[in-house]
Each structure stands twice: as C-alpha cells, then as structure tokens.
Amino acid sequence: QLQLVESGGGLVQPGGSLRLSCAASGRAFNINTMGWYRQAPGKQRELVAAISKGGSTNYADSVKGRFIISRDYAKNTVSLQMNGLKAEDTAVYYCNALSFGNDYWGQGTQVTVSS
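This one's a predicted model, so the numbers in the text were calculated from it and none came from an experiment.

Analysis parameters
Residues numbered from 1 in each chain as written. Predicted model: local features only at pLDDT ≥ 70, side-chain atom pairs only at ≥ 80, totals over all residues. Heavy atoms only, no water. Helix = DSSP H or I, 4+ residues; strand = E, 2+ residues; numbered from the N terminus. Rg over C-alpha atoms; globule rule 2.2 N^0.38 Å. Buried < 20%, exposed > 50% of the residue type's maximum accessible area, 1.4 Å probe, protein only. Contact = heavy atoms within 4.5 Å. Areas by Shrake-Rupley, 256 points an atom, 1.4 Å probe, with all protein chains shown as cover. Lys, Arg positive; Asp, Glu negative; His and termini not counted. Charge placed at Lys NZ, Arg CZ, Asp CG, Glu CD. Polar contact = N/O pair within 3.5 Å; in protein donor to acceptor, adjacent residues only side chain to side chain.

Description of the overall build of the protein chain
Here is step 1: Counting secondary structure elements, the protein chain contains zero helices and 11 strands.
Here is step 2: Each helix and strand of the protein chain, placed in order from N terminus to C terminus, yields the pattern β-β-β-β-β-β-β-β-β-β-β.
Here is step 3: Against the 2.2 N^0.38 benchmark of 13 Å for 115 residues, the protein chain shows a C-alpha radius of gyration of 13 Å, consistent with a compact globule.
Here is step 4: C-alpha atoms of the protein chain, sized along the principal axes, occupy 40 × 25 × 20 Å.
Here is step 5: Out of the 115 residues belonging to the protein chain, those deemed buried represent 42%.
Here is step 6: Across the protein chain, every contact between residues at least 6 apart in sequence was considered, and the portion connecting residues at least 24 apart equals 52%.
Here is step 7: When the accessible area of the protein chain is evaluated, it comes to approximately 6000 Å², of which 48% is carbon and sulfur surface.
Here is step 8: Charge-centre separation for the protein chain: the mean point of 11 positive side chains lies 4 Å from the mean point of 7 negative side chains.

Here's the deal with the side chain of Arg 66
Here is step 1: Within the secondary structure, Arg 66 sits in the loop between strand 6 (57-59) and strand 7 (67-72).
Here is step 2: Side chain to side chain, Arg 66 and Asp 89 meet in a polar contact 2.8 Å long.
Here is step 3: Setting aside anything within four residues of it in sequence, one finds Arg 66 in contact with Gln 81, Met 82, Asn 83, Gly 84, Leu 85, Lys 86 and Asp 89.

Some words on the environment of Val 92
Here is step 1: Position of Val 92 relative to the elements: it lies in strand 9 (residues 91-99).
Here is step 2: The exposure class of Val 92 is partly exposed, given its relative accessible area of 22%.
Here is step 3: Sequence separation between Val 92 and Phe 29 is 63 residues, and the spatial gap between their C-alpha atoms is 27 Å.
Here is step 4: What Val 92 contacts, discounting residues up to four positions off in sequence, is Tyr 37, Arg 38, Gln 39, Gly 108, Thr 109 and Gln 110.

Here it is in structure tokens:
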C-alpha cells in the first residue's frame, strides 16, 4: 500500500501564494506519475497538475503560468507552488500517485482564496 499525506492548505487573499506538499510512504519505490487534483463544491474533481517519473509536466489551462509542480524523487514528495491565486482556485486539493497501475489519493487539503 501507498500512503499520501498532504500539507500546506489554508486561507489566502486573491493574488497571494500558497505551497502544497505531499509525502508518499509505504510502497513508494515504484511511483510513476504524481499530481494534484482539486474539487470545488458542486463540481467534479479535476486535474490541476501532474509530473511523470521522467519529469514531464502537465497543467490545467486554468493554472498555466501561475502554478508550478515539482517533485523530489529521492524523498518521494511532490509540491505545488500556487501563485496569483484567484477565488476560483478555492477547492479541496488532493495529492495523487500512480503506482503499479493503481491510483492512490491523499486525504485532501482545503485551499480558500478570499478577501
């Protein structure tokens, strides 16, 4: 089994920044892609950003140029630097990892962008 633990959510004003982090433990020796998803109230969960084992990144159009995903392969962590936050970025953010063909999820961390 693989466990994912997120940290770094909170309340921030529009235009502000937050950094989310996720640490993988357990069977963390063959993780393929790691990424971040988010789910706003009444909406479906959507991909925010992902980074492959080889370092290729993929971003949702709505966050391109504002968010940066990074990964520490030695520590099995993935981070999401969020800049220029907008009210529409408000959601629960979930860490995701793909390993041995299985999807694993963190418990989620709330990000609220409000003045």
